[in-house]
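# Structural overview
Read off the chains here:
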Amino acid sequence: MHPSRWLPLVPIVLAAPAHAGSPAEAARIRQEFTLRNERWELQIKATADATARQALWKEKPNPQEYALQMWNCLRPSLAEDWTLEPGAWLLRITPAQALAPAPADIDTVNANPDRKGPRSPLAEAVLKIRETVEKYHLRSPKLAPMCLALVSARDPGALSLLQKIEAQNPDPKVQGVAALGQAMILKGIGDDADVMKKRLTLLRKAIVNAGDQEVDGVSISHLAEDELYIILHLSKGREAPDLDGADSAGKQIRLSDYKGKVVVLLFWNSGSTDDLDHLLELTGSMQKKFANKPFALIGVNNDPLKTLRDLQQIEGSKVTWPNYSDPTDKLAKEYRVGTRPLAYVLGPDRTIQYFGAPGSFVELAVEALLSEGMKPPSPR
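Residues numbered from 1 in each chain as written. Predicted model: local features only at pLDDT ≥ 70, side-chain atom pairs only at ≥ 80, totals over all residues. Heavy atoms only, no water.

Where an unreviewed UniProt entry is consulted, the protein chain appears under the name Redoxin domain-containing protein, with the organism given as Luteolibacter ambystomatis. Under the UniProt heading Subcellular location (unreviewed entry), the note attached to the protein chain is "Cell envelope". (UniProt positions renumbered as here; feature names shortened; annotations may be inferred.)

## Re the overall build of the protein chain
A count of helical and extended segments in the protein chain gives 17 helices and nine strands. For the protein chain, with 380 residues in total, the buried portion stands at 46%. Taking the contacts inside the protein chain whose residues are at least 6 apart along the sequence as the reference set, 69% of them involve residues at least 24 apart. When the accessible surface of the protein chain is summed, it comes to about 19,800 Å², and 54% of that surface belongs to carbon and sulfur atoms. (Helix = DSSP H or I, 4+ residues; strand = E, 2+ residues; numbered from the N terminus. Buried < 20%, exposed > 50% of the residue type's maximum accessible area, 1.4 Å probe, protein only. Contact = heavy atoms within 4.5 Å. Areas by Shrake-Rupley, 256 points an atom, 1.4 Å probe, with all protein chains shown as cover.)

## Quick look at the side chain of N62
Considering the arrangement of structural elements, one finds N62 in the loop between α4 (50-57) and α5 (63-74). Look at N62 and you get buried, because its relative accessible area is 9%. From its side chain, N62 meets the backbone nitrogen of Q64 in a polar contact 2.9 Å long. (Polar contact = N/O pair within 3.5 Å; in protein donor to acceptor, adjacent residues only side chain to side chain.)

## Quick word on the layout of surface pockets
By rolling a water-sized probe across the atoms, one finds the places where empty space is left. Approximately 220 Å³ is the volume attributed to the second largest pocket. Looking at the second largest pocket, it is lined by twelve residues, and the ones nearest its centre are R119, A123, R154, D155 and P156. When the residues that make up the lining of the second largest pocket are grouped by side-chain class, the tally is seven nonpolar, one polar and four charged. (1 Å grid on protein atoms, 1.4 Å probe; cavity = no way out; pocket = protein on both sides within 12 Å on 5 of 7 lines; lining within 4 Å. Points joined across faces, edges and corners; volume = space filled by probe spheres on them. Nonpolar A, V, L, I, M, F, W, Y, C, P; charged D, E, K, R; others polar.)

## Points about unusual backbone geometry
Here R340 and P341 are connected by a cis peptide whose omega angle stands at 0 degrees. Mapped onto the elements, P341 comes out in the loop between α16 (330-334) and β8 (342-346). Its identity as a non-glycine residue notwithstanding, N292 has a phi of 65 degrees, on the positive side. Within the secondary structure, N292 sits in the loop between α14 (276-289) and β6 (295-301). One non-glycine residue, R350, adopts positive backbone phi at about 70 degrees.

## Things to note about the sheet that holds strand β5 (residues 262-268)
What the five strands build is an open sheet, ordered β7-β6-β5-β8-β9; its pairing is mixed. Edge positions in the sheet fall to β7 (323-325) and β9 (352-356), since each of these pairs with one other strand and no more. Taken over all neighbouring pairs, the strand axes of this sheet differ in orientation by 15 degrees on average, direction set aside. In this sheet, β6 lies alongside β5 in parallel orientation, the contact comprising seven bridges. (Pairing = 2+ DSSP bridges. Axes fitted to C-alpha atoms, helices over the stretch in contact; angles between N-to-C directions.)

## Notes on the pairing of β5
In terms of residue burial, β5 counts as a mostly covered element, since seven of its seven residues are buried. On β5, burial covers both faces: V262, V264, L266 and W268 on one face and V263, L265 and F267 on the other are all buried. One ladder, built from five bridges, connects β5 with β8; its direction is antiparallel. Pairing of L266 across the sheet is with A343, part of β8.

## Re the nonpolar core
Considering soluble globular proteins, one finds that nonpolar side chains tend to be buried as a cluster. Membership of the largest hydrophobic core comes to 60 residues, with the highest contact counts inside it found for L91, M146, I165 and L180. Residue contributions to this core peak at nine residues, all from helix α11 (residues 172-186). Membership of the second largest hydrophobic core comes to 23 residues, among which are L279, F295, L308 and V362. (Core = buried A, V, L, I, M, F, W, Y, C linked by side-chain atoms within 4.5 Å.)

## A look at the packing of α5 against helix α6 (residues 84-93)
Closest axis-to-axis distance for the α5/α6 pair is 9 Å, and the angle between their directions is 155 degrees. Regarding the angle of α5 to α6, the classification is roughly antiparallel. Once α5 is placed against α6, the crossing between them reads as left-handed. Contacts from P63, Y66, A67, M70, W71 and L74 in α5 reach P86, G87, W89, L90 and I93 in α6. Partitioning the contact of α5 with α6 into residue classes produces ten nonpolar, one polar and no charged. (Parallel < 35°, antiparallel > 145°, perpendicular 65-115°, else oblique. Left-handed = near helix turned anticlockwise from the far one by under 90°.)

## As for the packing of helix α10 (residues 158-168) against α11
Packing of α10 against α11 brings their axes to within 8 Å, and their N-to-C directions diverge by 155 degrees. Taken together, the axes of α10 and α11 lie roughly antiparallel to each other. You can see that α10 and α11 cross each other, and the crossing is left-handed. For the pair α10 and α11, contact is made by A158, L159, L162, Q163, I165 and E166 and by V174, Q175, A178, A179, G181, Q182, I185 and L186, respectively.

## As for the side chain of T283
Relative to the elements of secondary structure, T283 occurs in helix α14. Residues contacting T283, with those up to four places away along its chain left out, are L266, L297 and W321.

## Some remarks on the packing of aromatic side chains
Scanning all chains against the criterion turns up ten aromatic pairs. Ring centres 5.3 Å apart and planes at 25 degrees place the aromatic pair Y344 and F355 in the stacked group. Of the two residues, Y344 sits in strand β8 while F355 sits in strand β9, which places them eleven residues apart along the sequence. For Y344, a relative accessible area of 4% puts it in the buried group. Relative to F361, the ring of Y354 has its centre 6.5 Å away and its plane inclined at 25 degrees; by these criteria the two rings are stacked. What makes Y354 partly exposed here is its relative accessible area of 26%. The class of F361 is exposed, set by a relative accessible area of 57%. Grouped by ring-pair contacts, the aromatic residues F267, Y335, Y344 and F355 constitute a single cluster. The ring of Y229 has R336 lying over it, and the distance from NZ or CZ to the ring centre is 3.8 Å. (Phe/Tyr/Trp six-rings, centres within 6.5 Å; stacked < 30°, edge-to-face > 60°. Lys NZ or Arg CZ within 6 Å of the ring centre and 35° of its normal.)

In structure tokens form, the structure reads like this:
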């Protein structure tokens, strides 16, 4: 469901009086969301036409709607341990944009210009869930799903809570999952030696204590091994994995062929953002800005082959850069890509200099690398 079709209903949902939910109600909300997603995924897989796929992406079930339903179900009962698993599910599905501050009342802002607007309902939910876990559930044996969900919650207090769980929970397996969660959060803090050492220590504990565990069908040992791979191969300053594949016309592309150029490696697809036109504007701006310089933009696209061809061949197409066709995600797995769009900025020697969402930071990283490369050699 497109956001514009349900947002007018949100005040009604939020205004509804809180009532004590139940495990059955929480299970119903999850099942409804899962079934709608499965039906939508079948539709998107069966549709190759680029225009039709973009229309279908606008019909994708909106997780914010279901996260709000789950919050109304859980909030009167957060002290009860049955809420831990559906609470973790709420954290996992909540989109980043739903955590932005709600608009403040204009008179309040004018009277207090330094005051920030109130939290959005789901930002408040994330905070309350964390606070309740810390107050009532630190020693619960059911905390493993919550430990991993806290990683995706984008809550500044998540790292501190995971440290407390690791220190105070009596179950070694929960301690191991809490250690893994900390290592995953620390990945976004930096790549200096102390942080790397801490991450490795935490990953070792995760594998020893909880390597045989699964959370939501995913092996803890597999997640820990992925984090180790990221440290060894995908951290800043590491040489990025070479990619060898083909474009939508079957022409071979090798990342190593771009040696000597600053490369933006963009993992994307036709539905990887709510505003595809905006993504294409960003890429077009970079291509124009860095034209006639040692720069290359290369896409890794996991749309069906026909969709990628349509995107590149339609009249007036803005997809003018080379793209690996990667419908099975074989190449994306080498970069451990989870969400798209995701951009890696690689130096002329293919070392990783930056990775993150496309935008100003990507462009600034490219500009800095090109400026360094164009400086005259220092006098001896």
